Amino acid sequence: MMFFLFSADDQAVVPYTVEYGHLNGQQRRIFRNIVEHSLKYAAETWTLDTGLYSKIQAAEMDFWRRCLRIARLDRVKDEETRSRLWMAKGVPERIGRSRLQWYGHCQRMPGRRWPKRLLLWEQPGRRKRGSPRNRWKRTWLAGDLRRKTGGIDRSGGTL
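Because the structure is predicted, anything quoted here is derived from the model rather than measured.

**Student:** How should the overall build of the chain be read in this particular structure?
**Tutor:** Helix and strand content of the chain: 6 helices and 2 strands. Along the chain, from the amino end to the carboxyl end, the secondary structure elements read β-β-α-α-α-α-α-α. Per-residue burial over the chain gives 28% buried out of 159 residues. Contacts spanning at least 24 positions in sequence make up 49% of the contacts within the chain whose residues lie at least 6 apart. Summed over its atoms, the accessible surface of the chain is roughly 12000 Å², and 53% of this surface lies on carbon and sulfur atoms.

Okay, structure coming up:
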């Protein structure tokens, strides 16, 4: 099957062919440069809950299944698809890494910068009753940092 990629100025047309059943370098480059960047756009600041995590993972696996011509009715597990592709990490794991990088970047900022001020801000007063909303810090501490450090704070305590 043949596809065409257009440049930003809509003048240059780049044809490429897709051979189903195995991936070629073009499909990996398309995923890395177009699909993954679209999925990860501004993801450093998202509150990544389980619903959003599963949607991102589903979109990624949908792309890889289509490239490998694996139907959902074939009931092939995601781990098996990843092993066929020789992929260790998916997009949600790379989002977690970029969130850690962004947090480190904010921690190194001077105190007068808005991103750092907003990250350290605590709402004054009492909150409304009911279950508290997920915030960036809570999901970040619960997920990304624990996976990265194994649940141990660098100051010696546990998270």
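**Student:** Teacher, can you tell me more about the nonpolar core here?
**Tutor:** The nonpolar side chains of soluble globular proteins are, as a tendency, buried together. Formed by 17 residues in total, the largest nonpolar core has its most connected members in Phe31, Ile56, Phe63, Trp64, Leu85, Val91 and Ile95. Among the secondary structure elements, those contributing two or more residues to this core are helix H1 (25-39), helix H2 (50-68) and helix H4 (91-108). Here the element with the most residues in this core is H2; it accounts for 6 residues.

**Student:** Looking at this model, I keep getting lost on the layout of surface pockets. Mind explaining?
**Tutor:** Empty pockets left among the atoms are what a rolling probe the size of a water molecule brings to light. Of the voids in this model, the largest pocket is the one considered here, and its volume is about 820 Å³. Lining the largest pocket we find 23 residues, and of these Trp121, Glu122, Gln123, Arg133 and Arg135 sit closest to its centre. For the lining of the largest pocket, the residue count by class is 8 nonpolar, 6 polar and 9 charged.

**Student:** What is the right way to read the environment of Ile56 from this model?
**Tutor:** Structurally, the position occupied by Ile56 is in helix H2. Each C-alpha atom of the pair Ile56 and Ile95 lies 9.9 Å from the other, and the pair is 39 residues apart in sequence. With sequence-adjacent residues up to four places away left out, Ile56 is seen in contact with Leu39, Trp46, Leu48, Val91, Pro92 and Ile95.

**Student:** I would appreciate a short explanation of unusual backbone geometry in the present structure.
**Tutor:** As a rule of thumb, non-glycine residues mostly have phi less than zero, and peptide bonds are mostly trans rather than cis. A positive phi angle is found at Ala42, which is not glycine, with a value near 60°. The topology assignment puts Ala42 in the loop between H1 and H2. Assessed through its relative accessible area of 34%, Ala42 is described here as partly exposed. In the Ramachandran plot, Arg75 falls in the positive-phi region, its phi being about 55° despite a non-glycine side chain. Topologically, Arg75 is positioned in the loop between H2 and helix H3 (78-85). Classification of Arg75 as exposed rests on a relative accessible area of 74%.

**Student:** Where do I start with the packing of H2 against H4 in this structure?
**Tutor:** Interaxial distance between H2 and H4 falls to 8 Å at its minimum, and their mutual angle equals 125°. On the basis of the axis angle, H2 is oblique to H4. Contact residues: Tyr53, Ile56, Gln57 and Glu60 in H2; Val91, Pro92, Glu93, Arg94 and Ile95 in H4.

**Student:** So what exactly am I meant to see when it comes to H3 here?
**Tutor:** The periodicity of an α-helix, 3.6 residues per turn, causes residues three or four positions apart to be oriented the same way. Thr81, Arg82 and Leu85 are the residues of H3 that are buried. One side of H3 carries all its buried residues, which in axial view fall inside an arc of 100°. Trailing H3 by a residue or two, Trp86 shows a phi angle of about 60°, which is positive.

Here is what the cut-offs are and how they apply
Residues numbered from 1 in each chain as written. Predicted model: local features only at pLDDT ≥ 70, side-chain atom pairs only at ≥ 80, totals over all residues. Heavy atoms only, no water. Helix = DSSP H or I, 4+ residues; strand = E, 2+ residues; numbered from the N terminus. Buried < 20%, exposed > 50% of the residue type's maximum accessible area, 1.4 Å probe, protein only. Contact = heavy atoms within 4.5 Å. Areas by Shrake-Rupley, 256 points an atom, 1.4 Å probe, with all protein chains shown as cover. Core = buried A, V, L, I, M, F, W, Y, C linked by side-chain atoms within 4.5 Å. 1 Å grid on protein atoms, 1.4 Å probe; cavity = no way out; pocket = protein on both sides within 12 Å on 5 of 7 lines; lining within 4 Å. Points joined across faces, edges and corners; volume = space filled by probe spheres on them. Nonpolar A, V, L, I, M, F, W, Y, C, P; charged D, E, K, R; others polar. Axes fitted to C-alpha atoms, helices over the stretch in contact; angles between N-to-C directions. Parallel < 35°, antiparallel > 145°, perpendicular 65-115°, else oblique. Arc of directions from axis to C-beta.

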